[in-house]
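# Residue-level structural notes
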Number of protein chains: 2
Amino acid sequence: MSSPAASDNLMEAIVSLAKRRGFIYPSSEIYGGLNGFFDYGPLGSELKKNIRDCWWNDMVRRRDDVVGLESSIIMHPKVWEASGHVAGFSDPLVDCEKSKQRYRADQLFFAQVRITNPEFGPDVVDALFSKGRIRKSDHESLKQSPLPTQVFVGYVSALESEDTIGALQKEAEEFKKKFQIRGTLEPVDRTKREMADVVSDEIAFIPSPATGEPGSLTMPRAFNMMFQTNVGAMTDSSSVAYLRPETAQGMFVDFKNVIDTTRVKLPFGIAQIGKSFRNEITPRNFIFRSREFEQMEMEYFIHEDADWSKCHQEWIEWCRQWLLSIGLPEAKLSLYAHKKEKLAFYSKGTTDIMFEYPFGVQELWGIAARGSYDLTQHGTASGKPQEMFDETTKKKFVPHVIEPAVGVDRILLAVLCAAYAVEDVTDEKGNTEQRTVLRLSPRIAPVKVAVLPLIKNKELLVARAKDLHTKLKRKYAVQYDDGGAIGKRYRRQDEAGTPWCVTIDFDTIEKPGDTFTLRERDTMKQTRITEAELFKLLDEQVY
Amino acid sequence: MSSPAASDNLMEAIVSLAKRRGFIYPSSEIYGGLNGFFDYGPLGSELKKNIRDCWWNDMVRRRDDVVGLESSIIMHPKVWEASGHVAGFSDPLVDCEKSKQRYRADQLFFAQVRITNPEFGPDVVDALFSKGRIRKSDHESLKQSPLPTQVFVGYVSALESEDTIGALQKEAEEFKKKFQIRGTLEPVDRTKREMADVVSDEIAFIPSPATGEPGSLTMPRAFNMMFQTNVGAMTDSSSVAYLRPETAQGMFVDFKNVIDTTRVKLPFGIAQIGKSFRNEITPRNFIFRSREFEQMEMEYFIHEDADWSKCHQEWIEWCRQWLLSIGLPEAKLSLYAHKKEKLAFYSKGTTDIMFEYPFGVQELWGIAARGSYDLTQHGTASGKPQEMFDETTKKKFVPHVIEPAVGVDRILLAVLCAAYAVEDVTDEKGNTEQRTVLRLSPRIAPVKVAVLPLIKNKELLVARAKDLHTKLKRKYAVQYDDGGAIGKRYRRQDEAGTPWCVTIDFDTIEKPGDTFTLRERDTMKQTRITEAELFKLLDEQVY
């Protein structure tokens, strides 16, 4: 039925549709844009709001054990000291001191150039040494005769790409040619490493990707990913504050306030939706990894003796079911349990719900069992123990927590990718044409119904259409469209992801029953429906 | 009927209720708080969301001429150069170079100390001069004999307070005593001025409020109120970016994108809800003037030849009606038209809807007619003219704009202030007690209905209550409460602003009709209602 665009071009097609139909624009585009920032247009802001509202309704309003919170984006800097973000929320970066370029150490690779059966004289060895490619000790050993069967003659480097090995291999071949080295070049993949793993006595000999020459790269240094600012009139260390890199700490810092001012009892959750900021060195994959993004996080507090594993599993399944409820296909979802040895010391386990994006299977929703780490940290740092009292054991304890954390933008991108289809359709005259359709779930579609008067110069017909439109828009996001042929209007709505079109036609005003044509987006089937039936359909499908 | 708390203590009572019931907490409270930042708790986050949703529904979804937008908080720095914020969005500040304190120049006052019929010798004059209180020229003229009838002997200063004049007068009296000056001290109110108006040859003689001594204050300097940060790996001028001080510029910068990707025709509006940040030197009045806040702004674009004044008036009235629709009393609203001579050169007029807060009548919603200023500025700065084409005149033109801009937090505070009441109520036994009630409109109340089983150990009764609760929470924010006496539960809901309580009692399960007790918050009247009637009531009142 659906003939999806070639997966290579799928992202391009989605980015293009998102721009063309007003879902997503690059931020500040008239000024050349700002890398890692995006704006949501008229359809995008509705889609985003619907995703947020569905989550809030399901997570907070329809559950009896979760309450909401909206904490500030800028919090006291001590919050981020206690949480570990000031010390540890960083990426290792490497500077090229000559070009002033900066690289993420895990995205810059290097490899040794090794030659088997080498054959060259002291002039080559002198050149390698004078150009800073080899150490003094190498210089001496390479002057020995005969040369060993395999020798090391320097390093090459390359930025991460779809074929990093290939790029390194090419660099090595050029290296060999440049220094007129004879012998067999060994494949670089045996020695390939990322710069994050470089050791100090190697760094001076690795060429900068900017200049091609060694000597200008620094050892990797931690670069904190929190955006920093100053609050108040002073601009010094006393006024430093951070834009939150996650919403989660708000729930921990307000934990005591929530238990003191509501009637929650364990187990219970605190949920929040809001913007977070991370100064990513290389934002990428459209809105998947951006610098400003929106999170939906929930901290579910449980007794220290509760069965965390069972609770963890329940939340993983809840999140998976929720993703299905907004229309993500089960086949594109998978689970990835983080390996024990990669977890932080306090973590009991983390499972990610993965989604098959066009650019690969990537993390969508992380569900972490964080023990009592965060509350304990804030209890210690603030001097105010974050404890609850157990009426049975008559002992105080620090609750443990399960944290499902997901990004609105990542969900929105997943939704667009899963919904996008280009397919051949045959019209009533037998002509085949292509249509682009977004198969968005009615729960999150930006426009729920389009109201279309068949023609726009028939007073009675237009009046009935406007009347229906007015009634619908009291409750739903709807559109009134009287521009162009009806088929063209259907296509326009298909592309916007509108699940239903309602056409007010001559049968509506001339035949008994006051029915409209209901045209369903995915099947393109047309049936007749009354106003009451339409409201019932929406009431059932949209919430 | 209602006996409001004394207006002096009203704010205190509201802040206390807001904290106690989980509406609003100080941000990062366990770390001592962060001045100018607040968190919204379980009830507060619902109330805030409801205000946002009502506005979005009425402004975007129910209108055919307004579309939504969500632009990023961090935008290209050139946006703020073009908008004038980099150059002009500032407060004048005065530094005390000795104490390192900073003062807003419009909140620091000074006055001359003048003596009539002075009587003192050269020792006093020498002391005044050596302590830096008077100029060399004053020193000479004060040594003349006889002294003039009135002489100037120095300056005093004081921070703005409820009685600034009184504070200055007290300083002047101490000044007179300290230097043993004889004669009559003139009232300081005749020479009182704010530091924003100081001239350069005075500044050296005005004492710092921090030290009491002159010589350490600087002339007022512009302090930009935008929070600054750096984007990307570099921390230098090339990477400077700002947190937006308003959402409005997003609509201007995306203007072209919106007209190119939707089917809007003039006049039309672009609306946005989102966080903004201003580094206020003196945040005050609870959430009225904070450093992080949320705005709901709309830019309504009109033809350059359109009747802007009529459009301006229509929007003022729309905003006023909207405030009434969410329950603000008409008597507390007023209009203030900015004086022509105080407007920016491009402004055609600004009218503020004012609200009578406990701390005074203050701006709630500004409706500005900004001409074509913003689009023209961005057209020039970006090199991309922000024009539309007039099909009639066949000419290009830059649209003009009407901008209604309001803060969510200010509305929320107005709503709390207007809704708060403490009143005497008499129970069935004739006992009088006080109840605190929030008379929130059903449109925005955090909890719409509380479902209360009369007792919690009667299986049938509890089952019916839970069934009703489940049905209600599919659509509405509701609460189930079975804790304590029914009267106590009513009071709890009164304080939370819940418009209706539904009690499932013995009549529900024993008598025909399956009816509940509906208890109305404001009148406290109790009637019987069926499930269908309850849903109809909510459907009519909540949207």
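So, here's what we can say about the structure. (Residues numbered from 1 in each chain as written. Chains lettered and ligands numbered in written order. Predicted model: local features only at pLDDT ≥ 70, side-chain atom pairs only at ≥ 80, totals over all residues. Heavy atoms only, no water.)

A count of helices and strands for chain A gives 16 helices and 28 strands. A principal-axis box enclosing the C-alpha atoms of chain A has dimensions of 105 × 75 × 50 Å. Relative to its full complement of 543 residues, chain A shows a buried share of 57%. Taking the contacts inside chain A whose residues are at least 6 apart along the sequence as the reference set, 66% of them involve residues at least 24 apart. (Helix = DSSP H or I, 4+ residues; strand = E, 2+ residues; numbered from the N terminus. Buried < 20%, exposed > 50% of the residue type's maximum accessible area, 1.4 Å probe, protein only. Contact = heavy atoms within 4.5 Å.)

What follows concerns the pattern of salt bridges. Taken as a whole and assessed by the stated rule, the structure comprises 102 salt bridges over all chains. Between B:Glu423 and B:Arg435 there is a salt bridge, with the nearest N and O atoms lying 2.7 Å from each other. With B:Glu423 in strand S22 (residues 420–426) and B:Arg435 in strand S23 (residues 432–438), this residue pair connects regions lying twelve residues apart in the sequence. Connected via shared salt-bridge partners are A:Glu423, A:Glu433, A:Arg435, A:Arg439, A:Arg491, A:Asp494, A:Arg519, A:Arg521 and A:Asp522. (Salt bridge = Lys/Arg side-chain N within 4 Å of Asp/Glu carboxyl O.)

Opposite the 86 residues of chain A that make contact, chain B presents 87 residues. Across the chain A to chain B interface the summed buried area is about 7400 Å²; carbon plus sulfur atoms make up 52%. Three residues, A:Ile30, A:Tyr31 and A:Glu70, lead the burial of chain A against chain B; their summed loss comes to 12% of the area buried on that side. Counting across the interface, chain A meets chain B through 14 salt bridges. With a shortest N-O distance of 2.9 Å, B:Glu70 and A:Lys48 are connected by a salt bridge. For the pair chain A and chain B, the interface holds 51 residue pairs in polar contact (both at pLDDT 80 or more). In terms of residues, the side of chain A that touches chain B owes the most to one element, helix H2 (residues 42–61) of chain A, which gives eleven residues. Along the lines of polarity and charge, the residues of the side of chain A that touches chain B split into 31 nonpolar, 24 polar and 31 charged. (Buried area = accessible area lost by both parts, 1.4 Å probe. Polar contact = N/O pair within 3.5 Å; in protein donor to acceptor, adjacent residues only side chain to side chain. Nonpolar A, V, L, I, M, F, W, Y, C, P; charged D, E, K, R; others polar.)

It is worth spelling out the relation of the copies chain A and chain B at this point. Superposing the two chain copies requires a rotation about an axis and a translation along that axis. When chain A is fitted onto chain B, the two copies agree to an RMSD of 0.4 Å after a turn of 179 degrees and an axial shift of 0.0 Å. Taken together, these values place the two copies in the relation of a two-fold axis. Ranked by how close their C-alpha atoms come to the rotation axis, the residues of chain A are headed by A:Thr229, at 2.6 Å. A share of 100% of interface residues in chain A that are also interface residues in chain B marks the association as one of identical surfaces. (Least-squares fit on C-alpha atoms with pLDDT ≥ 70 in both.)

This part takes up the sheet that holds strand S5 (residues 90–95) of chain A. Residue and element names in this part refer to chain A. Spatially, three strands are ordered S6-S5-S11 in an open sheet, and the strand pairing comes out antiparallel. Either end of the sheet is taken by a strand with one partner, and the two such strands are strand S6 (102–104) and strand S11 (221–224). Across the sheet, the mean angle from the axis of one strand to that of its neighbour is 50 degrees, orientation sign disregarded. Across four bridges, the pairing between S5 and S11 is antiparallel. By the bridge assignment, Ser90 is partnered in S11 with Asn224. (Pairing = 2+ DSSP bridges. Axes fitted to C-alpha atoms, helices over the stretch in contact; angles between N-to-C directions.)

Moving on: the sheet that holds strand S11 (residues 221–224) of chain B. Residue and element names in this part refer to chain B. Taken in spatial order, the three strands of this open sheet run S6-S5-S11, and their pairing is antiparallel. Looking at which strands have only one partner, the edges of the open sheet turn out to be strand S6 (102–104) and S11. When the angles between neighbouring strand axes are averaged without regard to direction, this sheet yields 50 degrees. Where strand S5 (residues 90–95) meets S6, three bridges bridge the pair, whose relative direction is antiparallel.

Attention now moves to the pairing of strand S26 (residues 500–504) of chain B. Looking along a regular strand, one sees side chains alternate from face to face of the sheet. All names here are of chain B. Extensive coverage of S26 is indicated by the burial of five of its five residues. Burial along S26 is two-sided: the face carrying Trp500, Val502 and Ile504 and the face carrying Cys501 and Thr503 are both buried. The pairing of strand S24 (residues 449–453) with S26 spans five bridges and is parallel. Considered in S26, the bridge of Pro453 is made with Ile504. Where S26 lies against strand S27 (residues 515–520), four bridges are found, and the strand directions are antiparallel. Residue Val502 lies in a different strand from S27, and its bridge partner there is Leu518.

On to the packing of H2(A) against helix H12 (residues 408–419) of chain A. Residue and element names in this part refer to chain A. Where H2 meets H12, the closest approach of the two axes is 10 Å, and the angle between their N-to-C directions is 110 degrees. One element, H2, and the other, H12, form an angle in the roughly perpendicular class. Crossing of H2 against H12: the hand is right-handed. For the pair H2 and H12, the contacting residues are Gly44, Leu47, Lys48, Ile51 and Arg52 in the first and Val408, Asp409, Ile411, Leu412 and Leu416 in the second. Grouping the constituent residues of the contact of H2 with H12 by class yields six nonpolar, one polar and three charged. (Parallel < 35°, antiparallel > 145°, perpendicular 65-115°, else oblique. Left-handed = near helix turned anticlockwise from the far one by under 90°.)

What follows is about the environment of B:Pro442. Residues and elements named next belong to chain B. Relative to the helices and strands, Pro442 is located in the loop between S23 and S24. You can call Pro442 buried: its relative accessible area is 16%. Through-space distance from the C-alpha of Pro442 to that of Asp189 is 50 Å; in sequence the pair is 253 residues apart. In this structure, Pro442 is in contact with Lys448, Pro499, Trp500, Gln541 and Val542, ignoring residues within four places of it in sequence.

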